Amino acid sequence: MAGAHEQWSSRLAFIFAAVGSAVGLGNIWRFPYMAGENGGAAFVLVYIGFIAVVGLPVLIAELTVGRRGKLSPTNSIRKLSEESGSSSKWGWIGHLASLTGGLGLLSLYSVIAGWVLAYIIKTATATFVGVDAAGAQAMVGAYVGSPGTMVFWHFIFISLTVFVVARGINAGLEKVVTYLMPILFLLLLVLVGYAMAAGNFLEALSYLFTPDFSKINGTVLLNAIGQAFFSLSLGLGTMIAYGAYLPKSISIHRSAALIALADTGVALLAGLAIFPLVFAFGLSPSSGPTLIFEVLPIAFGQMPGGVVFGTMFFVLLGIAAITSSISMLEPAVSWFEEKQGITRVGAAIFGGTLAFVVGLLTVFSSNEWQSIIPLASLGVVEINGNPATYAEIISFIVSNLIMPVASLMLAIFVGWYVSRDHLRDELDLPEGGIFELWHVSIKYVAPVAIGVILVWGLMPQGEGLPVEEAAPVEISEEAQSTSDASEIQEISISSTE
Ligand code: PFF
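Residues numbered from 1 in each chain as written. Predicted model: local features only at pLDDT ≥ 70, side-chain atom pairs only at ≥ 80, totals over all residues. Heavy atoms only, no water.

Caption draft 1: Up close: the overall build of the protein. Each helix and strand in the protein was counted, giving 20 helices and 2 strands. In terms of overall size, the protein behaves like a compact globule, its C-alpha atoms giving a radius of gyration of 21 Å where 497 residues would be expected to give roughly 23 Å. Projected onto its principal axes, the C-alpha positions of the protein cover 65 × 50 × 50 Å. In the protein, which comprises 497 residues, the proportion classed as buried is 63%. The contacts in the protein between residues at least 6 apart in sequence include a share of 82% that link residues at least 24 apart. Summing over all exposed atoms, the protein offers an accessible surface of approximately 16,400 Å²; the carbon and sulfur share of this is 68%. (Helix = DSSP H or I, 4+ residues; strand = E, 2+ residues; numbered from the N terminus. Rg over C-alpha atoms; globule rule 2.2 N^0.38 Å. Buried < 20%, exposed > 50% of the residue type's maximum accessible area, 1.4 Å probe, protein only. Contact = heavy atoms within 4.5 Å. Areas by Shrake-Rupley, 256 points an atom, 1.4 Å probe, with all protein chains shown as cover.)

Caption draft 2: Structural detail: the site of the ligand. Surrounding the ligand, one finds 17 residues, the nearest of these being A22, G26, Y109, F230 and T238. One nitrogen or oxygen atom from the main chain of F230 is found 2.8 Å from a nitrogen atom belonging to the ligand. Looking at the shell around the ligand residue by residue, the classes come out as 8 nonpolar, 9 polar and no charged. (Near = heavy atom within 4 Å. Polar contact = N/O pair within 3.5 Å; in protein donor to acceptor, adjacent residues only side chain to side chain. Nonpolar A, V, L, I, M, F, W, Y, C, P; charged D, E, K, R; others polar.)

Caption draft 3: Region of interest: unusual backbone geometry. Residues other than glycine seldom take positive phi values, yet A126 does so here, at roughly 60°. Note that A126 resides in the loop between α6 (92-124) and α7 (133-144). With relative accessibility at 33%, the residue A126 sits in the partly exposed group. Positive phi, close to 55°, is recorded for D428, a residue that is not glycine. As for its placement among the helices and strands, D428 is situated in the loop between α18 (420-427) and α19 (433-458).

Caption draft 4: The arrangement of the pattern of salt bridges in detail. Tallied over the full model, the rule gives 11 salt bridges. With a shortest N-O distance of 3.2 Å, R68 and E426 are connected by a salt bridge. Taken together, the residues R68 in helix α4 (residues 41-69) and E426 in helix α18 connect sequence positions 358 residues apart. The pair formed by R68 and E426 is uniform in burial state, with each residue classed as buried. Look at the salt bridges and you will find they share partners, linking R67, R68, E83, K248, D425 and E426 into a network. (Salt bridge = Lys/Arg side-chain N within 4 Å of Asp/Glu carboxyl O.)

Caption draft 5: Inspection of the packing of α4 against helix α5 (residues 73-83) at higher detail. At their nearest, the axes of α4 and α5 sit 8 Å apart, and the two run at 80° to each other. The angle between α4 and α5 places the two elements in the roughly perpendicular class. In this structure, α4 contributes V65, G66, R68 and G69 to the contact, and α5 contributes S76, I77, K79, L80 and E83. A per-class count over the contact of α4 with α5 returns 3 nonpolar, 3 polar and 3 charged. (Axes fitted to C-alpha atoms, helices over the stretch in contact; angles between N-to-C directions. Parallel < 35°, antiparallel > 145°, perpendicular 65-115°, else oblique.)

Here it is, written out as structure tokens:
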């Protein structure tokens, strides 16, 4: 139980870790094109609204459960349920979130992050210099068509993640985020500066910040709330696990607000680093998931300083990915450690191996097994407009089912079953004011919002709400041909067919 007894050594270390978890591929890769395709500023506003009204209360709830329980997500929830005289079966939320969800997402995330690592080397060795659209596309095709290379980088990335988590909270996670997060912020600012100087900044500004409210419909709402959950790392036990290492002296609600602010800020800055380059070269801003692998290399290949700044960009993505992936593994590892009495190192290797093996399904979904549709006999042939390969199915289960269901159940548990006094004590807040606002949000607003959107997102196409315009519009033709590129593209509580 070593992990459970460790604590973040400072507030800053905790903030870096939590922001590191929140800021990931979701912000730098997914947010920009989601915003662009869902009405620009209209989407951004709805997204920020969901962060404030649903995301922030759930984030506070997760951190509170973690700190009160001081154990793995499953055992923290159990401890709180015992304390409040309710059923220990609530602990299943923890299993669902951390074992199935956390490891499931890590399996996908690592494949994409491995691709990022491969592209760091490609950019740094000037492979993209002078490349045109066909060339960049061919490189993507070559990468996703080569299972051996993909498995190699997937393995490297998982190994890095395991290595950090195995070293524990202080010597592992905290140390890594303390070094990497300042570098991440610095790189991001440099890249925004570069985009301002070398790209078409004004067009990017108007693309991202000129609202087109006519574009707000059910799909946009689904995408926005899905992005809010994914981006704040909710529903996979991560913030419960991180809360367990939180010293009592640190204010949860203030920290949570800061985390949400930083997360949203990074997402917006990422848009401002990417789109000016895209526009400067007349490239397509709505090329969806392939934007960074297929479109940006063309820009970096032609710009002055493109090798240096392109490399910086992929390093930035790599840092964002590793500080998130460790947070996907930690919840499961803390449970293995407590439950099985195995060492942290053993637990990290075990969890990492599971994620690595499951990740192979994603790797092969883009090449050898591209035409295998595992649930065809059940009539599931497409998910969000993509062929329902293993990668798509895992992605859908984690992001469209586990994240919202676990968050919904946690909101109900905390709002309705955990004693108000215990919550107030943990949050160190008086009755009324902020506490009341949060409690109403977690008891009523969050469950209703998540519940409605969950049902909505699961409704078959065309039933009632405008889901027919859902995620498929995000996928360019090229993306369809490289189906693995889309596996975490529709990570959102989005429609299913
Ligand atoms: N928040 C991360 C991102 O935006 O890329 C992804 C993530 C990390 C989701 C950890 C969930 C999680 F538990």
